[in-house]
Amino acid sequence: MPDSSSSSPDSSPGAADLQRRLLDWYDRHRRTLPWRAPPGGRADPYHVWLSEIMLQQTTVAAVGAYFRDFVARWPTVQDLADADLDDVLRAWAGLGYYARARNLHKCARVVAHDRGGRFPEDEEELRRLPGVGDYTAAAVAAIAFDRPAAVMDGNVERVVARLHAVTQPLPDAKPALKVLTSALTPAYRPGDHAQAMMDLGATICTPRKPKCILCPWSGGCAGRRAGIEAGLPAKRPKPERPTRRAVIFWLVNGKGAVLIRRRPEKGLLGGMMEFPSGPWEPRPDLPEVEAALDSAPARTAWKALPGIVRHTFTHFHLEMRVAVGRVGYEPPLNGRWVPVDQLGEEALPTVMAKVARHVMAAAGRGPAGSP
Ligand code: SF4
């Protein structure tokens, strides 16, 4: 619950006043987004669901092109359900966790095949769909079906923490912020209210330097009144990310094709293609190639390339040494040979695309950017 520094009910405008001010502001300043219905229109539930899944890990600006591409290729949830999973994974590359893309495809199949192509309207039923958590269920219920759901994303948490001067750090403050957001959610135009909250957080109540002077709530904002808005929401310090280190094996056959293999379905980069590698372990130094030979895909003369490939995942940094080897025949390996110039067509995660660019650059085959 809000702490002692929260505004008292006597000094704040009531919820109805805040709601009215926010909707007035939204009617004048709403963002135009590719998945958003025009004023007064009904949003397509497929578009809302798709955009919200995409937005979980990246920004509105980055999602726009992906969203347009997806709806051009798969205009309906039925089309997405019928799509080949590898095509969906490829189209998803760059949008973050591939588990989300697999769940997206699974969810499309459930909606298309078990529900006649219609998304449920109720938050609880939405939550039963693959890959749909509390946030997405609330967002789809509110935006697509105008249900009074409390849609909690980072923007909304920030706005509400400031409005009520909640100083308890995140993530501990989440339940209190949800209660406050629910209390603020109107029965009238709840979908527009949810989108207005998001827009306010994205354009006015921004993480740095909130533009309070332009804010429809500036008169009733407890955080601003206390002069603490810029420091809210407070956050628990994050633990430092460890660094894991590994050897990646780039094996080329007599026809100039490189070996890739599929990662296990579960876990990090699940189901994505990769170059074989030794274990990704936390260790103080990069392993020598010899130390990783047990994991090498073939017995051959491996040569370490100069330089290090670096990538950062949510929970750890990864540093990689790349070893290059050749085989003159095609040994029975767990994987697939792909001509180097066709690697761009594979569902390679960003980390592996970096490895490919590193090898190309070392070989002098074009700029470090074109595998
Ligand atoms: S007044 Fe400032 S801090 Fe308060 S909600 Fe508006 S933009 Fe955010």
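Since the model is a prediction, treat every value here as computed from it, not as a measurement.

Enquirer: Just checking my understanding: could you explain the nonpolar core for this structure?
Expert: Nonpolar side chains in soluble globular proteins generally cluster together in the buried interior. By size, the foremost hydrophobic cluster in this structure holds 101 residues, and its most contacted members are Trp49, Phe70, Trp217, Trp250 and Phe275. Top contributing element to this core by residue count: helix α8 (residues 134-145), with nine residues. Among the domains, domain 1 (9-231) and domain 2 (243-362) are the pair contributing at least three residues each to this core. Excluding residues within four positions of it along the chain, phenylalanine 70 makes contact with Leu50, Met54, Leu80, Val88, Ala91, Trp92 and Leu104. Among the nonpolar cores identified, the runner-up in size contains 13 residues, and Val247, Ala257, Trp302 and Val327 belong to it.

Enquirer: I'm lost on unusual backbone geometry in this one. Help?
Expert: Most of the time, phi is negative for any residue but glycine, and the peptide bond is trans. For the bond running from leucine 170 to proline 171, omega is 5°, close enough to zero to count as cis. Along the polypeptide, proline 171 turns up in the loop between α9 (154-163) and α10 (174-184). Although it is not a glycine, alanine 165 adopts a positive phi angle of roughly 50°. You can see alanine 165 is positioned in the loop between α9 and α10.

Enquirer: Mind showing me how you'd approach the domain arrangement of the protein chain here?
Expert: Accessible area lost on assembly of the parts is the figure often given for the size of an interface. Here the protein chain is partitioned into domain 1 (9-231) and domain 2 (243-362). Put simply, the middle of domain 1 and the middle of domain 2, counted by C-alpha atoms, are 38 Å apart. Taking both sides of the interface into account, the surface hidden between domain 1 and domain 2 amounts to around 800 Å²; carbon and sulfur atoms contribute 48%. The largest share of the area that domain 1 buries against domain 2 comes from Arg90, Tyr98 and Arg102, three residues that together contribute 57% of it. Along the contact surface separating domain 1 from domain 2 lie two salt bridges. Between arginine 262 and aspartate 86 there is a salt bridge, with the nearest N and O atoms lying 3.2 Å from each other. For the pair domain 1 and domain 2, the interface holds five residue pairs in polar contact (both at pLDDT 80 or more). Of all the secondary-structure elements, those providing two or more residues to the side of domain 1 that touches domain 2 are α5 (85-92) and α6 (98-114). In terms of residue count, α5 provides more of the side of domain 1 that touches domain 2 than any other element does, three residues in total.

Enquirer: I'm lost on the side chain of threonine 185 in this one. Help?
Expert: Relative to the assigned elements, threonine 185 resides in the loop between α10 and α11 (190-203). By relative accessible area, threonine 185 is classed as buried at 15%. In terms of polar contacts, threonine 185 uses its side chain to reach the backbone carbonyl oxygen of threonine 181, at 2.8 Å. With residues near it in sequence (within four places) discarded, threonine 185 still touches Gln19, Pro148, Ala149, Ala150, Pro190 and His193.

Calculation rules
- Residue numbering note: each chain is counted from 1, following its sequence as written.
- Where local features are concerned, this predicted model is filtered to residues with pLDDT of at least 70; where side-chain atom pairs are given and counted, the filter is 80 or more; whole-chain, interface and lining totals use all residues.
- Calculated side-chain values reflect all of the structure's heavy atoms, with hydrogen atoms and water omitted.
- What is meant by a nonpolar core is a set of buried Ala, Val, Leu, Ile, Met, Phe, Trp, Tyr and Cys residues, joined one to another through side-chain atoms within 4.5 Å.
- When a residue's accessible area, from a 1.4 Å probe over protein chains only, is under 20% of the maximum for its type it is buried; when over 50% it is exposed; and in between it is partly exposed.
- In DSSP terms, a helix is any run of H or I states spanning at least four residues, a strand is any run of E spanning at least two, and both are numbered starting from the N terminus.
- The domain limits used here are those given by an automatic or database domain assignment.
- Should any heavy atoms of two residues lie within 4.5 Å, those residues are considered in contact.
- Reported buried area values correspond to the accessible surface (1.4 Å probe) lost by two parts on association, with both partners' losses combined.
- What makes a salt bridge here is a side-chain nitrogen of Lys or Arg within 4 Å of a carboxyl oxygen of Asp or Glu, nothing more.
- Each polar contact in these results corresponds to two N or O atoms within 3.5 Å; when the atoms are within protein, one needs to be able to donate a hydrogen and the other to accept it, and residues that are neighboring in sequence are counted only if both atoms are side-chain atoms.

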